[in-house]
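Notes for the structure review
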Amino acid sequence: MKENNFNPESLMMTYGYKPELSEGAIKCPIFQTSTFVFKTAEEGKAFFELAYGLREKSPKEELGLIYSRINNPNLEILENRLSLWDKSDDCAVFESGMSAISTVLLEFLKPGDLLVYSNPVYGGTDHFIHHFLDKIGVHTIGVMPNQGIDDVVQMIQDSGKADKLAMIYLETPANPTNNIVDIEKFSQIAKQFSTEDRKTLVAVDNTYMGPLWQHPLQCGADLVLYSATKYIGGHSDLIAGAVLGNTELMIRVKTLRTFLGNMVSPHTAWLLLRSLETLKVRMDQQTKNAQVIADYLEGHAKVKKVYYLGLLKEGTADFATYKKQCSAPGAMVSFDIEGGEKEAFTFLNNLKLMKLAVSLGGTESLAEHPKTMTHAGVDEGQRQQMNITDQLLRLSIGVESVDDLIWDLDQALHKVHINTPLKVDQV
Ligand SMILES: *Cc1c(COP(=O)(O)O)cnc(C)c1O
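The structure presented is a predicted model; accordingly, all values stated were derived computationally and were not measured. Chains are numbered independently. Their residues run from 1 in the order of the written sequence. Side-chain atom pairs in this predicted model are given and counted only at pLDDT of 80 or more, local residue features only at pLDDT of at least 70, and totals for whole chains, interfaces and linings cover all residues. Excluded from the side-chain calculation are hydrogens and water; included are all heavy atoms of the structure.

A few words on the pairing of strand S9 (residues 332-337). A simple rule labels every residue: compare its accessible area, found with a 1.4 Å probe on the protein chains alone, to the largest value its type can have, and call it buried under 20%, exposed over 50%, or partly exposed in between. A run of DSSP states H or I qualifies as a helix once it reaches four residues; a run of E qualifies as a strand once it reaches two. Both are numbered from the N-terminal end. Of all 6 residues that make up S9, 6 are buried, and the element is covered over most of its length. Here 4 bridges tie strand S8 (residues 303-307) to S9, and the two strands are oriented antiparallel to one another. Across the sheet, Val306 pairs through a bridge with Phe335, a residue of S9. Note that S9 and strand S12 (residues 392-396) share 5 bridges and pair antiparallel. Paired with Phe335 across the two strands is Leu393, which belongs to S12. Any two strands with at least two DSSP bridges between them are considered paired.

With that settled, consider helix H8 (residues 247-260). One less than the residue count of a helix, multiplied by 1.5 Å, gives the span that helix is expected to have. The first and last C-alpha atoms of H8 sit 20 Å apart over 14 residues, in line with the 20 Å expected at 1.5 Å per residue. All buried positions along H8 are accounted for by Leu249, Met250, Val253, Arg257 and Thr258. What makes two residues a contact is simply this: any of their non-hydrogen atoms within 4.5 Å. Lining the buried residues of H8 we find helix H3 (73-86), strand S1 (90-94), helix H4 (97-108), strand S5 (201-205), strand S6 (223-227) and strand S7 (241-245). The positive-phi residue at the C-terminal boundary of H8 is Gly261, with phi of around 70°.

Glancing now at helix H5 (residues 123-133). Listed as buried for H5 are Gly123, Thr125, Asp126, Phe128, Ile129 and Leu133. The inward-facing, buried residues of H5 contact H4, strand S2 (114-118), strand S3 (139-143) and strand S4 (165-171).

Turning our eyes to something else, we now look at the pairing of S2. With respect to burial, S2 is a largely interior element, 5 of its 5 residues being buried. Residues of S2 alternate between two faces, with Leu114, Val116 and Ser118 on one and Leu115 and Tyr117 on the opposite face, all of them buried. For S2 and S3, the ladder comprises 5 bridges, and the chain directions are parallel. What sits directly across from Leu115, in S3, is Thr140. Crossover connection from S2 via H5 to parallel S3: handedness right-handed. Pairing geometry for S2 and S4, over 4 bridges, is parallel. Bridge pairing in S4 places Leu114 opposite Leu165. Whether a crossover is right-handed comes down to one check: with the strands pointing away from the viewer, does the path from the first strand over the helix to the second run clockwise; if it does, it is right-handed.

If even one non-hydrogen atom of a residue comes within 4 Å of a molecule or strand, that residue is called near it. In the neighbourhood of the ligand, 15 residues make up the surrounding shell, with Met98, Asp205, Ser227, Thr229 and Lys230 lying closest. The term polar contact refers here to a pair of N or O atoms within 3.5 Å; inside protein, the definition further demands a hydrogen-donor-capable atom paired with an acceptor-capable atom, and it admits residues adjacent in sequence only when both atoms are side-chain atoms. Within the backbone of Met98, one N or O atom sits 2.8 Å away from an oxygen atom of the ligand. The contact in question runs from a nitrogen atom of the ligand to an N or O atom on the side chain of Asp205, over 2.7 Å. Working definition of accessibility: Shrake-Rupley area with a 1.4 Å probe, residue cover restricted to the visible protein chains. Its free accessible area being 390 Å², the ligand has 93% of it covered by the protein chains. For the shell around the ligand, the leading source of residues is H4, giving 3 residues. Following the grouping adopted for this structure description, the nonpolar residues are Ala, Val, Leu, Ile, Met, Phe, Trp, Tyr, Cys and Pro, the charged ones are Asp, Glu, Lys and Arg, and the polar ones are all others, Gly among them. Classifying every residue of the shell around the ligand by side-chain character gives 6 nonpolar, 6 polar and 3 charged.

Below, the discussion takes up the sheet that holds S8. Spatial strand order, S8-S9-S12-S11-S10: 5 strands in an open sheet with mixed pairing. At either end of the open sheet lies a strand with only one pairing partner, and these are S8 and strand S10 (355-356). Pairing of strand S11 (residues 366-368) with S12 involves 3 bridges; the strand directions are antiparallel. Within S12, the residue paired with Leu366 across the bridge is Ser396.

So, about the domain arrangement of the protein. The assigned domain composition of the protein is domain 1 (68-276) and domain 2 (280-426). An automatic or database domain assignment is the source of the domain bounds shown. Using only C-alpha atoms to locate each centre, domain 1 and domain 2 end up separated by 26 Å. Taken together, the contacts link 38 residues of domain 1 with 41 residues of domain 2. Buried area: the accessible area, evaluated with a 1.4 Å probe, that two parts lose upon being put together, summed over both parts. The contact between domain 1 and domain 2 buries some 3,200 Å² in all, and 58% of this surface belongs to carbon and sulfur atoms. One side-chain nitrogen of Lys or Arg within 4 Å of one carboxyl oxygen of Asp or Glu is enough to make a salt bridge. Taken together, domain 1 and domain 2 are joined by 2 salt bridges. Residue Lys324 pairs with Glu184 through a salt bridge whose shortest N-O separation is 2.9 Å. Joining domain 1 to domain 2, the criterion identifies 15 residue pairs in polar contact (both at pLDDT 80 or more). Counting residues per element, the ones that place at least two in the side of domain 1 that touches domain 2 are H5, helix H7 (183-193) and helix H9 (266-277). The class makeup of the residues in the side of domain 1 that touches domain 2 is 19 nonpolar, 15 polar and 4 charged.

For Phe, Tyr and Trp, where Trp contributes only its six-membered ring, two rings pair if their centres lie within 6.5 Å, and the inter-plane angle classes them as stacked under 30 degrees, edge-to-face over 60, or tilted in between. One pass over the full model with this rule turns up 8 aromatic pairs. For the ring pair Phe38 and Phe47, a centre distance of 5.8 Å and an interplane angle of 80° mean the geometry is edge-to-face. Residue class for Phe38 comes out partly exposed when judged on its relative accessible area of 29%. Assessed through its relative accessible area of 17%, Phe47 is described here as buried. Linked through ring pairs, Phe38, Phe47, Phe48, Tyr52 and Phe259 together constitute an aromatic cluster. Either the NZ atom of lysine or the CZ atom of arginine qualifies as a charge over a ring when it sits within 6 Å of the ring centre and within 35 degrees of the ring normal. Cation over ring: Arg257 sits above Phe94, and NZ or CZ is 5.9 Å from the ring centre.

Let us look at the environment of Gln286. Within the secondary structure, Gln286 sits in helix H10 (residues 279-298). Given a relative accessible area of 0%, Gln286 falls into the buried group. For Gln286 and Gly330, which are 44 residues apart along the polypeptide, the C-alpha to C-alpha distance reads 7.7 Å. Setting aside residues up to four positions removed in sequence, Gln286 forms contacts with Tyr231, Ala331, Gly361, Gly362, Ile397, Gly398 and Val399. A polar contact of 2.8 Å, which involves the side chain of Gln286, links it to the backbone oxygen of Gly362.

Dropping the structure here:
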């Protein structure tokens, strides 16, 4: 095996860091500094020329360190390491997943443009689309789960704005129902509506699967977005985001980041570097646990339906899409409990090991009720269409002993009594 063929997990401890520049320290220190000293005025001038795009980079020249809003060693090393998983040219890290998402939408959409997006999307993304993009005159079309590709093309044509289709934004598998869409097919739609002077971009929120189990750039997407708060951070102790793509697009993303000033801090970047070292072992364990839990729930009398990629039936269209674009079923398991909100809440209130909290992807398992929590702000009519009902519960599976998790689920489900009227003192 050649050195440049190492798997990403082998490079997460060392890639992009030169110990000789940091007193030989095995670990990259935190570069907690706002600004960097230039050796000479000429060097400062040369760095700024590159940073502001005033001239082309000469071969082998790297952007020098100027100011931590523009670049910083912790951010650069993190960006280089994250790029390995998705095999992207470049990466930009942000102070939150939402800042990564909103920066991409702001950079590539302008008033009059059309955005097509898949439903459901993360609650914050949904809010940004409906309450901000609408306000600045971006037209939006939401695609519902199970709408066929021909339907989508028809909707775009019927909108009268087909010539303005600037972006297709996908979230797959979608939060909280694990609904999946075919990235390759949507990339073909983007090609179909691209013109010579305007390429329709495909952006994919890969938070649920990435960066391990799904690589949207390889399926034809142009940009990959992450809430790095979730699996990448993995310990529920930070908020961060990331965008990946080719050099040309990433220059635009990084330029807007410089002027919005929403880059991640050196300390958070350092925490993420630590997280990346165990990313693969964590995620492998999480998906292994999740499959066992999904199988258990599927056989439980008080569980009506389980939404998990590892339970998709062979022969279905979703199974084909899943096999084509994912290498594992992930570690997010949602299910409908028999009953309604009361039964769902009884289950949540009785968990002992799993914590009742939103967010996902951390080492500890979490449970929540999407309808009244993460997706409380989504339009009720739309929620019904997307199966976000009183019965739906969402689990993020961690790295605990799977036997202990099953014990916990079992005892909490045992406390749920179906069809018993609520006593006054329980209200
Ligand atoms: C959490 C999440 C986001 C938002 O990320 P933040 O880091 O909380 O800003 C976006 N998309 C998905 C799928 C998420 O789960």
